[in-house]
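# Survey of secondary and tertiary structure
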Amino acid sequence: MKLEGGCYCGKLRYEAEGEPRLKAQCHCRECQYITGGAPNLFMLMPQDGFRYTRGAPKAFARGDLAAPVTREFCPDCGTHLVTRPPALKSVVLKVGTLDDPTLFGGPQMAIYTVDKQPFHEIPQGMASFERLPGR
Ligand SMILES: [Zn+2]
Ligand SMILES: [Zn+2]
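These numbers come from a predicted model, not from an experiment. Along each chain, numbering runs from 1 in the same order as the chain's sequence is written. The lettering of chains begins at A and the numbering of ligands begins at 1, in the order of writing. Restriction of local features to residues with pLDDT of at least 70 applies here, the model being predicted, together with a cutoff of 80 or more for giving and counting side-chain atom pairs; totals for whole chains, interfaces and linings are based on all residues. In computing side-chain properties, one takes all heavy atoms of the structure into account and sets aside hydrogens as well as water.

Our focus in this paragraph is the coordination of the zinc ion (ligand 1). Metal donors: N, O and S atoms at distances within 2.8 Å, or within 3.2 Å for Na, K and Ca, with water omitted from the atom set so that some sites may seem incomplete. Every protein donor of the zinc ion (ligand 1) is accounted for by C7 (SG), C9 (SG), C74 (SG) and C77 (SG), and the metal-donor separations fall at 2.3 to 2.4 Å. Only two sets of limits are used to name each site, 85 to 135 degrees for every angle of a tetrahedral four-donor site, and over 155 degrees for opposite donors with all other angles from 65 to 115 for a square planar four-donor or octahedral six-donor site, with any other site named irregular. Around the zinc ion (ligand 1), the four donor atoms sit at angles spanning 106 to 113°, and that spread fits a shape best called tetrahedral. Relative accessibility thresholds used throughout: buried, under 20% of the residue-type maximum; exposed, over 50%; partly exposed, between the two (1.4 Å probe, protein chains only). C74 sits in the buried class, given a relative accessible area of 2%.

This is the structure in structure tokens:
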């Protein structure tokens, strides 16, 4: 599939081509900063198929962690678009930045429920993991 999206102000645009490797909702404390408090809905897309078609993001990685993820966001409006985990050849694409978020279809699983808040919902019957599923 080929997905298109961008930031809130429109200065950043991207394309993400390929098959999603995972569609999930993440309850980790870090994601709560980015979403506003809800679980973060994302698609894991192949790194090779992801490119910016307009603008350049600002990137941020924490300096106090051994292997931090890199977060990319719009330098003007602040929309967080993707995260690049150092160990994966994938980008974590935020579903809310898609032009058509319905293409997401829905999460397959909930991850990092160790940080789940009492007001977070996990659909009944969906797989959930305290951290990541075993590989
Ligand atoms: Zn923007
Ligand atoms: Zn998370």
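Turning next to the coordination of the zinc ion (ligand 2). With distances of 2.1 to 2.3 Å, the protein atoms coordinating the zinc ion (ligand 2) are C26 (SG), C28 (SG) and C31 (SG). C26 sits in the buried class, given a relative accessible area of 5%.

Using a grid of 1 Å spacing that covers the protein atoms alone, one calls a set of points a cavity when a 1.4 Å probe fits there but cannot get out, and a pocket when the set is open and has protein on both sides within 12 Å along at least five of seven lines; lining residues are those with an atom within 4 Å of a point. Grid points are joined across faces, edges and corners, and a volume is the space filled by probe spheres set on the points. Its boundaries defined by the atoms lining it, the largest pocket holds a volume of some 880 Å³. Surrounding the largest pocket, 30 residues form its lining, C28, V69, R71, T83 and Y112 being those nearest its centre. Only DSSP runs of H or I reaching four residues or more are called helices, and only runs of E reaching two or more are called strands; each is numbered from the N terminus. Breaking the lining of the largest pocket down by element, the ones donating at least two residues are strand 3 (22-26), helix 1 (29-35), strand 4 (40-46) and strand 9 (90-94). With four residues, helix 1 is the single largest residue contributor to the lining of the largest pocket. Three classes are used, and their members are as follows: Ala, Val, Leu, Ile, Met, Phe, Trp, Tyr, Cys and Pro are nonpolar, Asp, Glu, Lys and Arg are charged, and the others, Gly among them, are polar. Of the residues contributing to the lining of the largest pocket, the split by class is 21 nonpolar, two polar and seven charged. By volume, the second largest pocket is sized at about 160 Å³. What lines the second largest pocket is I34, T35, N40, L41, G78, T79, H80, K94, V95, G96 and T97. For the lining of the second largest pocket, the elements supplying multiple residues, two or more each, are helix 1 and strand 4. Residues that form the lining of the second largest pocket fall into these classes: three nonpolar, seven polar and one charged.

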